[in-house]
Amino acid sequence: MERRNFIKTSALAGAGLLFTQNVFAKNLVLDDFPVVRVPKDKRHFTSESVEGAIAAFKKKVKNKELSWLFENCFPNTLDTTVYYTETGGTPDTYVITGDIDAMWLRDSSAQVFPYLQFSKKMKNCIS
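Basis of the calculations
- Residues numbered from 1 in each chain as written.
- Predicted model: local features only at pLDDT ≥ 70, side-chain atom pairs only at ≥ 80, totals over all residues.
- Heavy atoms only, no water.
- Helix = DSSP H or I, 4+ residues; strand = E, 2+ residues; numbered from the N terminus.
- Buried < 20%, exposed > 50% of the residue type's maximum accessible area, 1.4 Å probe, protein only.
- Contact = heavy atoms within 4.5 Å.
- Areas by Shrake-Rupley, 256 points an atom, 1.4 Å probe, with all protein chains shown as cover.
- Pairing = 2+ DSSP bridges.
- Core = buried A, V, L, I, M, F, W, Y, C linked by side-chain atoms within 4.5 Å.
- Salt bridge = Lys/Arg side-chain N within 4 Å of Asp/Glu carboxyl O.
- Phe/Tyr/Trp six-rings, centres within 6.5 Å; stacked < 30°, edge-to-face > 60°.
- pLDDT = per-residue confidence, 0-100.
- Expected span 1.5 Å × (residues − 1).
- Arc of directions from axis to C-beta.

Peer 1: Which parts of the structure should I look at to understand the overall build of the chain?
Peer 2: Looking only at helices and strands, the chain has five helices and four strands in total. For the chain, the sequential pattern of α-helices and β-strands runs α-β-α-α-α-β-β-α-β. Every one of the 127 residues in the chain was classed for burial, and the buried ones make up 20%. Within the chain, residue pairs in contact and separated by at least 24 positions form 57% of the contacts whose partners lie at least 6 positions apart. Looking at the chain as shown, the accessible area adds up to about 10000 Å², and 60% of this sits on carbon and sulfur atoms.

Here is the structure:
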């Protein structure tokens, strides 16, 4: 076989693989998205106002995949890295910023910045 024919045949075969029905998202069943959020009993911090914002977002956004993505990703920092305690009646929050137990102000503030808009409403939380 000549090099030129081999390249043409290989290119056509490769292109054919790209156009199989499993590649296109429109052929996939996306109606049921898996819940990947931390179970309620394993969450470190929960906010009713953040949960309300998630519900409002899901109600307004028509795209099911985008709603699912927001519901699973937005509260992740609260669910997994924020620890809330009270010492002598004074609230204290600890945010884990990575694999080193060092509180880098830049990293902590970047992680919790999206939640500041809910801070005045965060009266009912569980830790």
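Peer 1: Hey, could you run me through the pairing of strand β3 (residues 90–95) in this one?
Peer 2: Every regular strand shows the same layout, with side chains that alternate between the two sheet faces. Here six bridges tie strand β2 (residues 82–87) to β3, and the two strands are oriented antiparallel to one another. Of the residues in β3, the one forming a bridge with Val82 is Val95. Linkage of β2 to β3, two consecutive antiparallel strands, is achieved through a turn of two residues, within which Gly88 is found at a positive phi near 60°.

Peer 1: Where do I start with the nonpolar core in this structure?
Peer 2: The nonpolar side chains of a soluble globular protein tend to be buried, and buried together. Core analysis: the biggest nonpolar cluster contains 10 residues, these being Phe45, Val50, Ile54, Phe74, Leu78, Val82, Tyr84, Val95, Tyr115 and Phe118. At the level of secondary structure, the elements contributing two or more residues to this core comprise α2 (48–60) and β2.

Peer 1: What should I look at first to understand the pattern of salt bridges in this one?
Peer 2: Opposite charge on two side chains allows them to pair when their charged atoms are near. The full count for this structure, using the stated rule, is four salt bridges. Between Asp79 and Arg37 there is a salt bridge whose closest N-O contact spans 2.6 Å. Of this pair, Asp79 sits in helix α4 (residues 76–80) while Arg37 sits in the loop between α1 (3–18) and β1 (46–47), placing them 42 residues apart in sequence. Across the salt bridge formed by Glu71 and Lys58, the nearest N and O atoms sit 3.0 Å from each other. Here Glu71 is found in helix α3 (residues 64–73), whereas its partner Lys58 is found in helix α2, with 13 residues between them in sequence.

Peer 1: Just checking my understanding: could you explain the packing of aromatic side chains for this structure?
Peer 2: Each aromatic ring pair is described using two quantities: the centre-to-centre distance and the angle formed by the ring planes. Using the criterion set out here, one finds six aromatic pairs in the structure. Seen in terms of ring centroids, Phe70 and Phe74 are 4.8 Å apart; in terms of plane orientation they differ by 15°. Their pairing is stacked. Through a chain of ring-to-ring contacts, three or more aromatic side chains come together here, namely Phe57, Phe70, Phe74, Tyr115 and Phe118.

Peer 1: I would appreciate a short explanation of the confidence of the model for the chain in the present structure.
Peer 2: Regions with low pLDDT should not have their predicted coordinates read in detail. Model confidence for the chain is summarised by a mean pLDDT of 77, while 68% of its residues fall at 70 or above. When mean pLDDT is compared element by element in the chain, α2 scores highest at 94, while strand β4 (residues 125–126) scores lowest at 52.

Peer 1: Just to check I follow, could you spell out α2 for this structure?
Peer 2: Look at α2: 18 Å from first C-alpha to last across 13 residues, which is about the 18 Å you get at 1.5 Å a residue. Among the residues of α2, those classed as buried are Ser49, Val50 and Ile54. Each buried residue of α2 sits inside an arc of 145° when the element is viewed along its axis, so together they form one side. Facing away from the buried side of α2, by more than 90 degrees, are the exposed residues Glu48 and Lys59.

Peer 1: Would you explain the environment of Val38 in this entry?
Peer 2: If you trace the backbone, Val38 turns up in the loop between α1 and β1. With 42 residues separating them along the chain, Val38 and Thr80 place their C-alpha atoms 7.8 Å apart. Once you skip the residues sitting within four places of it in the chain, Val38 turns out to touch Arg43, Asp79 and Thr80.

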